[in-house]
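Below are the chains, spelled out letter by letter.
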Amino acid sequence: MHQVPDEHALPLHLHLTLALSQYEQHYHAFMEQNHCIGKDFNRHVYTQLQWCSPTGTVLSPSGGSKFVSIRDVDCYCTVHLNHSGAYHFYVQYEGVEGPQAGLYVQVEPNLTVGKGDSLTVLPLEAIRCQTVIAKLMGPVGSWEAKLRVAKESGYNVIHFTPIQELGGSRSAYSLKNQLKVNPDFANDKDHAVGFEDVEGVVKKMRQEWGMASICDIVLNHTANESIWIREYAECSYNCFTCPHLRPAFLLDAMLARVGEDVAAGLLEHVGIPSVVETANHLDALRWQVHTNYLPQIKLHELFQCNIEKYMARFSEQASKQSPTAAQDVPEGDLQLKHDPEYRRLGAEIDFDRAMRTYNVFRKDCFDEDSRKRKCVEAFRAKLQWLNEEVRKEIQGHLDYAIENCLAGTRYERVQADGPQVKGISIKYPLFMKYFTQYGVQGKSLKDIEEMMYGGPGKLFMAHNGWVINSDPLKDFARPQEGTGNVYIRRELIAWGDSIKLRYGDKPEDSPYLWKHMKEYVDTTARIFDGVRLDNCHSTPLHVAEWLLDSARKVNPELYVVAELFTNSDYTDNIFVNRLGITSLIREALSAWDSHEQGRLVHRYGGAPVGAFFPCPKRILAPSIAHALFMDLTHDNPSPVEKRTIFDLIPSAALVSMACCATGSNRGYDEMVPHHIHVVDEERQYQEWGKHVDKTTGIVAVKEALNLLHGGLATRGFDQLFVDQMNPDIVAVTRHSSQNHETVILVAHTAFGYPSPWAGPTGVRPLRFEGNLLEIVFEVQIYKK
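As recorded in an unreviewed UniProt entry, the protein chain goes by the name Glycogen debranching enzyme, listed as coming from Culex quinquefasciatus.

Read around the closed barrel, the eight strands follow the order β12-β13-β16-β20-β21-β22-β23-β24; overall the barrel is parallel. If you compare each strand with its neighbour and ignore which way they point, the axes differ by 30° on average. Across two bridges, strand β21 (residues 559-562) lies against strand β22 (residues 583-587) in parallel orientation. Bridge pairing links Ala562 to Leu584 in β22.

Glancing now at the pattern of salt bridges. A full pass over the atoms with the stated rule returns 46 salt bridges. When the shortest N-O distance is used, the salt bridge between Glu260 and Arg257 registers 3.1 Å. With Glu260 and Arg257 both in helix α4 (residues 246-263), this residue pair falls three residues apart, about one helical turn. Judged by its relative accessible area of 41%, Glu260 falls in the partly exposed class. Under the relative-accessibility criterion, Arg257 is labelled buried at 18%. Lys382 is the salt-bridge partner of Asp333, the closest N and O atoms lying 2.8 Å from each other. Of the two residues, Asp333 is situated in the loop between α6 (307-320) and α7 (351-358) and Lys382 in helix α8 (residues 368-414); the sequence distance between them amounts to 49 residues. The exposure class of Lys382 is buried, given its relative accessible area of 11%. Residues joined in a network through salt bridges with shared partners are Arg148, Lys151, Glu152, Lys694 and Glu703.

So, about empty space enclosed by the protein. In this structure the tally under the stated criterion is six cavities of 30 Å³ or more. When its volume is computed, the largest cavity comes out at roughly 80 Å³. Grouping the constituent residues of the lining of the largest cavity by class yields six nonpolar, six polar and one charged.

On to the pairing of strand β13 (residues 157-160), then. Neither face of β13 is open: one carries Val157 and His159, the other Ile158 and Phe160, and all of them are buried. Handedness of the crossover joining strand β12 (residues 128-132) and β13 through helix α1 (residues 143-152): right-handed. Pairing analysis gives four bridges linking β13 to strand β16 (residues 212-217), with the strands arranged parallel. For His159, the partnering residue across the bridge sits in β16 and is Ile214.

According to the stated counting rule, one finds 18 aromatic pairs in the structure shown. Aromatic pair Tyr434 and Tyr487: ring centres 5.7 Å apart, planes at 85°, arrangement edge-to-face. You can see Tyr434 sitting in the loop between α8 and α9 (445-452) and its partner Tyr487 sitting in the loop between β18 (463-467) and β19 (492-500), a full 53 residues away along the chain. Accessibility assignment for this pair places Tyr434 and Tyr487 in one class, buried. One aromatic cluster is present, built from ring pairs that chain together Phe249, Tyr434, Phe435, Phe460, Phe476 and Tyr487.

At Asn469, a position not held by glycine, the phi torsion is positive, near 60°. With respect to the helices, strands and loops of the structure, Asn469 is situated in the loop between β18 and β19. By relative accessible area, which is 70% here, Asn469 ends up exposed. Positive phi outside glycine occurs at Arg490, with the angle close to 55°. Structurally, the position occupied by Arg490 is in the loop between β18 and β19.

Further remarks concern the side chain of Thr571. Examined against the element boundaries, Thr571 turns out to sit in helix α12 (residues 569-579). A relative accessible area of 13% means that Thr571 is categorised as buried. Setting aside residues no more than four positions away along its own chain, Thr571 makes contact with Pro472 and Thr566.

Before going further, it helps to spend a moment on the packing of helix α5 (residues 279-297) against α8. Running from N to C, α5 and α8 cross one another at 150°; their axes reach a closest spacing of 11 Å. With respect to α8, the element α5 is oriented roughly antiparallel. In terms of crossing hand, the pair formed by α5 and α8 is right-handed. The residues of α8 that touch α5, namely those facing Ala279, Leu282, Leu285, Arg286, Val289, His290 and Leu294, are Gln395, Leu398, Asp399, Ile402, Glu403, Leu406, Thr409, Arg410 and Val414. Residue composition of the contact of α5 with α8, by class: nine nonpolar, three polar and four charged.

As a further point, take the nonpolar core. With 72 residues, the main nonpolar core has Leu251, Met254, Val258, Phe314, Phe379, Leu383 and Tyr487 as its most contacted residues. Of all the secondary-structure elements, those providing two or more residues to this core are α4, α5, α6, α7, α8, α9 and β19. For this core, the leading source of residues is α8, giving twelve residues. Ignoring sequence-local partners within four residues, the contact set of Phe379 consists of Tyr310, Met311, Phe314, Leu334, Ile349, Ala354 and Tyr358. Residues Leu166, Val198, Trp209 and Cys215 belong to the second largest nonpolar core, which totals 70 residues.

Criteria and cut-off values
- Residues numbered from 1 in each chain as written.
- Predicted model: local features only at pLDDT ≥ 70, side-chain atom pairs only at ≥ 80, totals over all residues.
- Heavy atoms only, no water.
- Pairing = 2+ DSSP bridges.
- Helix = DSSP H or I, 4+ residues; strand = E, 2+ residues; numbered from the N terminus.
- Axes fitted to C-alpha atoms, helices over the stretch in contact; angles between N-to-C directions.
- Salt bridge = Lys/Arg side-chain N within 4 Å of Asp/Glu carboxyl O.
- Buried < 20%, exposed > 50% of the residue type's maximum accessible area, 1.4 Å probe, protein only.
- 1 Å grid on protein atoms, 1.4 Å probe; cavity = no way out; pocket = protein on both sides within 12 Å on 5 of 7 lines; lining within 4 Å.
- Points joined across faces, edges and corners; volume = space filled by probe spheres on them.
- Nonpolar A, V, L, I, M, F, W, Y, C, P; charged D, E, K, R; others polar.
- Right-handed = clockwise from strand over helix to strand, strands pointing away.
- Phe/Tyr/Trp six-rings, centres within 6.5 Å; stacked < 30°, edge-to-face > 60°.
- Contact = heavy atoms within 4.5 Å.
- Parallel < 35°, antiparallel > 145°, perpendicular 65-115°, else oblique.
- Left-handed = near helix turned anticlockwise from the far one by under 90°.
- Core = buried A, V, L, I, M, F, W, Y, C linked by side-chain atoms within 4.5 Å.

Next up, the structure:
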């Protein structure tokens, strides 16, 4: 990485101190970031640091040794870190190979807005971010009027979903071309739109409005319609590059055929109409899949061996080869080895071992013919047993897979709390598709099976998605142990509009993909102040590392936000440390009651140890990852749907009291009563002054809350306390340890509609020490 030329980017002076035992120890310390000595960043090259004594004297190695000898003292190393990111250090003991102790240090970026003498730094705890779905912004000429809604509502950061050309599904996260701006942004059909047009708007926001911006980068998948993915099919997990996926693809093709037959009314005579909407329809569907469709593909044969082929070979070899003596029979037993191409009955065994194990002397035989016959029978029985075990294992996977398929169909078409889809179409298939199926229209399952072994198999590409409770550090599309994987067991919540990208272990494994995505990420880092890693938990760590390293060369003060759901602080820290993530998305709407909401405010919004505002330095202390705490994300339903309209203000107020970055989604402040969906919604946002102003929804309230949040951060309110006053009422206290001022917020939440006969709350009085200076504001929702 390069040293930041910006005079406002202050270096961090870091002292690493190690307390040593009374025994003599020999150390040398290394840091991962060697740019501090004027070189470009290389994650795999470390720089040796100098140890200093408590008096500041440099401790130099003696006797030609590279290790420093230290007795009965504390020592430290001083480094100057000139820009943001995660820095790795380790210590090595003499005589012991490899690192013995290490740590990561996270240096937060300096987000600067304004220009010239008005250039200022946005403290992370003062961030108020609003998400806008880029495809709903319309022509770029209208963006300023639409983004002014966020400015007038007190936000200082805009989060844009991807600004690139979208695929056929129109999902905001299914990108057709990562290197081309969405053509919908053109002001008219005669003038093309480019990245420079978006950059112009973002630059004005930064310099004139004092607002920073971040934009999503989508590294895991590309749209089905991406032309480049067909030209460079090795960039995907397909039946040609990844033969281990062929059984899962054949199953997927069969399930697609079931959906086509149901839609055509071909199964009405067996109790499955074209509109599947009852539990009885699902039961009939299960029976037909197991008894009629699965036998057509005989999926277990792709994992079995050809018994007759081996029997013929065994009989021929047994006639030429002397039988094995009892003492020479090898220990252990035969195992089936999967055919690397997964051809039907293509599994193999160790035939030499089989000959030594089964072509043996037999005491129960008195002539060679009977001995050979019994050896052949024993060998056949073993192969039949091996094939049967595989068949039962595959059947177990298929039973599990079909139940997963039916569970998805039940939710989408039968359950009262589901979307209750009626028809079967490309957008709404009966069973979600796990693979693209180019060129299979009108083909039989037998023809499709033949195609997947040849050139057409390159276009049978695996879709991306996510797996519930999976290990985010493992690539679920790679080969797995045994005969099962998430694709054949149908454990993937698949995104049928997006192809999963296959990077390999290094750029040489897929040169075009790494180059293509580098240009995409670098362009985003150049235009915006930060990036949001979409679906970070499914992004290969080494890929995200490499791309973010490149992005930080373009923008050394890059603000990195991540959507990371691992359900583990330990796993979160691996991503945060390796990638240098500044803030993790946290959702207030995940709380199921006010007590949990208060806990989230305390957990994610508690002031970091040793944080003194607005000083940019922090005491070096372990802590959980910094949060971007959202009252609503664009993935959430409207709180009006999930909770009540009365909860919009109290929940937003609780979030605004958190000592971290906060955020919301466009539509929350305007009280939109439904989910503004990243796939289905096509209506454009309203412009400021046209149906949106300070009297709209809770815009004025949000402005007050946003300004309160920013003031608490910049005026040194570094302590936070949460008090549960009754089941619905939560009080949050922000206190300044410097001047001992306190701000208290009391929020009456409404996760459910109150009963008209509920009566008084009976909440205890709010008591505090000190003097009441003012009531800043009091807010409630009422009907005009």
